[in-house]
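# Chains, contacts and geometry: an overview
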Amino acid sequence: MFWRRNDNRASVFVDYEYGFVSMKELYHTQPDLAGWCGQLRERYQVESLRFFGNFLNPSLSDEVTPIREVSSDIIETNCNNGGAHMKDMSDVIILDALYRTVVQKRSPQTFVLFTGDGHFQPAVRYLVQDLGKRVELYGIRTTISRALRCAASETFEIPEQDAKLMACFAYITADFNRIAMNHDNPFANFQSLVSRVSRKNNVPKGRVEMALTEMMNQGLITKKRYRVSYDRPMINVLVPEWDQLIAAGLHHP
């Protein structure tokens, strides 16, 4: 198989369970399927766009409808496999589809893989090094296997630290600055902070939640237990790490 410079075709493989669970647990939101798929179709002639997952699981069953808005190629990975780990079965089924595609006589030059699972590293390395394919890897920030990242041709993290996300960083920092003007030890509740920043800056709540979680992941904001008064139970609050915010160029005392 030889590399063809004018081959703009791509096959896309989405480990949806990985993406959905990671976005929900880390960023309290769902993947932007329409936006992501739209960007891929602008860049490539997408020959196939396949979503893999255990959609019989109640936590994923409602996701079939939004997926159908971008692709009708949905592969159920629940195989009644006698107790074997379901995520491992999903990996096997994705790998099978990947290899079946690459051995086709006119397989595309580009393979797009949405996962962070290191189990895919040998397959990705084989496609890139042995077959000369281009493998673009998409994964949720902080969840991508280092070995998998190194094997891919290029890696894209979601969420990207784009201008809109960085603007939310500034809005959140400004809100803590406002609180600090009236309190020696500024703190905030996650949901109240999200609602306030969203309302004041006319920004979707989902984007603010994503930005706030990313700031926590980077150590710019810390979750702590705090007692508002001696006769009340301790609660979870968010506090700004001013030194880190200064180093990041977000706070200017």
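All of these numbers come straight from a predicted model, not from anything done at the bench.

### Observations regarding the packing of aromatic side chains
For the coordinates displayed, the defined rule picks out 10 aromatic pairs. Judged by centre distance (6.1 Å) and plane angle (10°), the ring pair of Phe13 and Phe111 falls under stacked. Separated by 98 residues along the polypeptide, Phe13 in strand 1 (residues 9–15) and Phe111 in strand 4 (residues 110–114) bring together distant segments of the chain. Considered together, Phe13 and Phe111 belong to a single accessibility category, that of buried residues. Ring geometry for Tyr16 versus Phe55: centroids 6.2 Å apart, planes at 35°, classification tilted. Here Tyr16 is found in helix 1 (residues 16–27), whereas its partner Phe55 is found in the loop between strand 2 (45–53) and helix 3 (58–61), with 39 residues between them in sequence. Its relative accessible area of 3% is what places Tyr16 among the buried residues. For Phe55, a relative accessible area of 7% puts it in the buried group.

### Looking at the packing of helix 8 (residues 163–180) against helix 10 (residues 205–217)
One way to put it is that helix 8 packs onto helix 10 with a least axis distance of 9 Å and a crossing angle of 75°. By the angle between their axes, helix 8 is roughly perpendicular relative to helix 10. Each of Lys164, Leu165, Cys168, Phe169, Ile172 and Thr173 in helix 8 lies in contact with helix 10, whose residues at this interface are Arg207, Val208, Met210, Ala211, Leu212, Glu214 and Met215. Split into classes, the residues belonging to the contact of helix 8 with helix 10 amount to 9 nonpolar, 1 polar and 3 charged.

### Description of the sheet that holds strand 3 (residues 74–76)
Taking strand neighbours across the sheet as the criterion, the 6 strands line up as 3-2-1-4-5-6 in an open arrangement whose pairing is parallel. In this open sheet, the two edge strands, each paired with only one partner strand, are strand 3 and strand 6 (154–158). The sheet shows a mean angle of 20° between the axes of neighbouring strands, direction not considered. Bridge analysis of strand 5 (residues 134–140) against strand 6 gives 5 bridges, and the strand direction is parallel. Residue pairing for strand 6: Tyr138 is matched across the bridge by Phe156. Those strands touched by helix 1 are strand 1, strand 2, strand 4, strand 5 and strand 6, and its axis lies near 35° from that of strand 5.

### Considering the environment of Arg146
Positionally, Arg146 belongs in helix 7 (residues 146–151). Separated by 102 residues in the primary sequence, Arg146 and Tyr44 have C-alpha atoms spaced 26 Å apart.

### A few points about unusual backbone geometry
One non-glycine residue, Thr142, lies in the positive phi region at around 75°. Within the secondary structure, Thr142 sits in the loop between strand 5 and helix 7. Residue classification places Thr142 among the exposed positions, given a relative accessible area of 55%. Even without glycine at this site, Asn202 takes up a positive phi of about 55°. Relative to the helices and strands, Asn202 is located in the loop between helix 9 (190–201) and helix 10. Looking at Asn202, the relative accessible area reads 72%, which means it is exposed.

### Section: the confidence of the model for the chain
In this model, the chain carries a mean pLDDT of 88, and residues with pLDDT of at least 70 account for 93%. For the chain, per-element mean pLDDT is lowest for helix 1, which scores 86, and highest for strand 4, which scores 97.

The rules we used
Residues numbered from 1 in each chain as written. Predicted model: local features only at pLDDT ≥ 70, side-chain atom pairs only at ≥ 80, totals over all residues. Heavy atoms only, no water. Phe/Tyr/Trp six-rings, centres within 6.5 Å; stacked < 30°, edge-to-face > 60°. Helix = DSSP H or I, 4+ residues; strand = E, 2+ residues; numbered from the N terminus. Buried < 20%, exposed > 50% of the residue type's maximum accessible area, 1.4 Å probe, protein only. Axes fitted to C-alpha atoms, helices over the stretch in contact; angles between N-to-C directions. Parallel < 35°, antiparallel > 145°, perpendicular 65-115°, else oblique. Contact = heavy atoms within 4.5 Å. Nonpolar A, V, L, I, M, F, W, Y, C, P; charged D, E, K, R; others polar. Pairing = 2+ DSSP bridges. pLDDT = per-residue confidence, 0-100.

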